[in-house]
Amino acid sequence: SLGDLWVIIVLFALVIGGIYFGFFTPIEAGAISSAGALLVTLVTGRLTWRNLAESLIDTASVTVIIFVLLVGAMVFNVFLTLSNLPQAVAALLNSVGSPMAGLALILLLYIPLGMVMDATGMIVLTVPLYLPFLASNGISLIWFGVLLMMMVEIGLITPPVGMNVFVVQGVIKVVPMQVIFRGMVPFLIADFAVLALLVAFPQLSLFLPSLMR
């Protein structure tokens, strides 16, 4: 089955390699990745008019959802600016004792959020609240971004709600929900172990970006 992974390896090398060597920006990498996936589908003979139409419809649906979230987030950010809520949250986090304690509190909050929200919603609605705290304590935003994505994904597979679990169950309907939740446990343990390493050794997150300056 490892032979079927060549597509992922090629696309990963194309996107990350292109960003690393400066051929294109991260935003442009999204378009390059899509074009590469389309080319692979064409070469492997799986590109049909029906598949292309379904892909375009799915892409349009996801794009609309994301833009609605972003528009809502822009309105929400205006409200945050007028209410001084980010500054209040920063003061609250600074009062817990240390920047690391505040960071730990931020990360833990994403577990319950992941039970009821999707990844984009969590990011665009919460990050503006935490930026003043992160900036005032000199916490690397790259490091925080990596930790944030880890916590978002952990939240999306955490019982009892875990939205990604329902997605899996919707694809594999014959497998009971409780079986899928039990199957998630090893992945949760592995994710928390990786998260602990990233928190203990920030350079694991910062080494590669530091080479790209």
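Residues numbered from 1 in each chain as written. Predicted model: local features only at pLDDT ≥ 70, side-chain atom pairs only at ≥ 80, totals over all residues. Heavy atoms only, no water.

A look at the overall build of the chain
Condition: Only DSSP runs of H or I reaching four residues or more are called helices, and only runs of E reaching two or more are called strands; each is numbered from the N terminus. Whether two residues are in contact is decided by their heavy atoms: any pair within 4.5 Å suffices.
Helix and strand counts for the chain come out as ten helices and zero strands. Tracing the chain from N to C terminus, the helices and strands come up as α-α-α-α-α-α-α-α-α-α. Projected onto its principal axes, the C-alpha coordinates of the chain cover approximately 60 × 45 × 35 Å. Nonlocal contacts in the chain, meaning residues at least 24 apart in sequence, comprise 65% of its contacts between residues at least 6 apart.

A short note on the layout of surface pockets
Worth spelling out the cut-off: A pocket, in this scheme, is an open set of points on a 1 Å grid over the protein atoms alone with protein on both sides within 12 Å along at least 5 of 7 lines, while a cavity is a set where a 1.4 Å probe fits but cannot get out; residues line either one if an atom lies within 4 Å of a point. Grid points are joined across faces, edges and corners, and a volume is the space filled by probe spheres set on the points. The residue classification treats Ala, Val, Leu, Ile, Met, Phe, Trp, Tyr, Cys and Pro as nonpolar and Asp, Glu, Lys and Arg as charged. All others, Gly included, are polar.
Here the largest pocket is characterised by a volume of approximately 250 Å³. Contributing to the lining of the largest pocket are Ser34, Ala37, Leu38, Thr41, Leu47, Asn51, Leu52, Ser55 and Leu56. Residues belonging to the lining of the largest pocket are distributed by class as follows: five nonpolar, four polar and no charged. Computed from the structure, the second largest pocket encloses a volume of approximately 210 Å³. Contributing to the lining of the second largest pocket are Ile16, Ile19, Tyr20, Ile142, Val146, Leu204, Ser205, Leu208, Pro209 and Met212. Listing elements by their share of the lining of the second largest pocket, those giving two or more residues are α1 (6–20), α7 (141–155) and α10 (203–211). Here the lining of the second largest pocket takes four residues from α10, the largest share from any one element. A class-by-class count of the residues in the lining of the second largest pocket yields nine nonpolar, one polar and no charged.

Overview of the packing of aromatic side chains
The relative placement of two aromatic rings is captured by the distance of their centres and the angle of their planes. What counts, and what does not: Each Phe, Tyr or Trp ring (for Trp, its six-membered ring) is paired with any other whose centre lies within 6.5 Å, and the angle between the two planes then decides the class: stacked below 30 degrees, edge-to-face above 60, tilted in between. Only protein chains enter the accessibility calculation, which uses a 1.4 Å probe. A residue is then buried if its area is under 20% of the maximum for its type, exposed if over 50%, and partly exposed in between.
All told, the structure shown has three aromatic pairs when counted by the stated rule. Taken together, a centroid distance of 6.4 Å and an interplanar angle of 35° make the contact between Phe21 and Phe23 tilted. Taking the relative accessible area as the measure of exposure, Phe21 reaches 59% and is therefore exposed. A residue is classified by how much of its surface remains accessible, and Phe23, at 65% relative accessible area, is exposed. Aromatic pair Tyr110 and Tyr130: ring centres 6.2 Å apart, planes at 75°, arrangement edge-to-face. Residue Tyr110 is found in helix α5 (residues 99–116), and its partner Tyr130 is found in helix α6 (residues 119–136); the two are separated by 20 residues along the sequence. Each member of the pair Tyr110 and Tyr130 is classed as buried.

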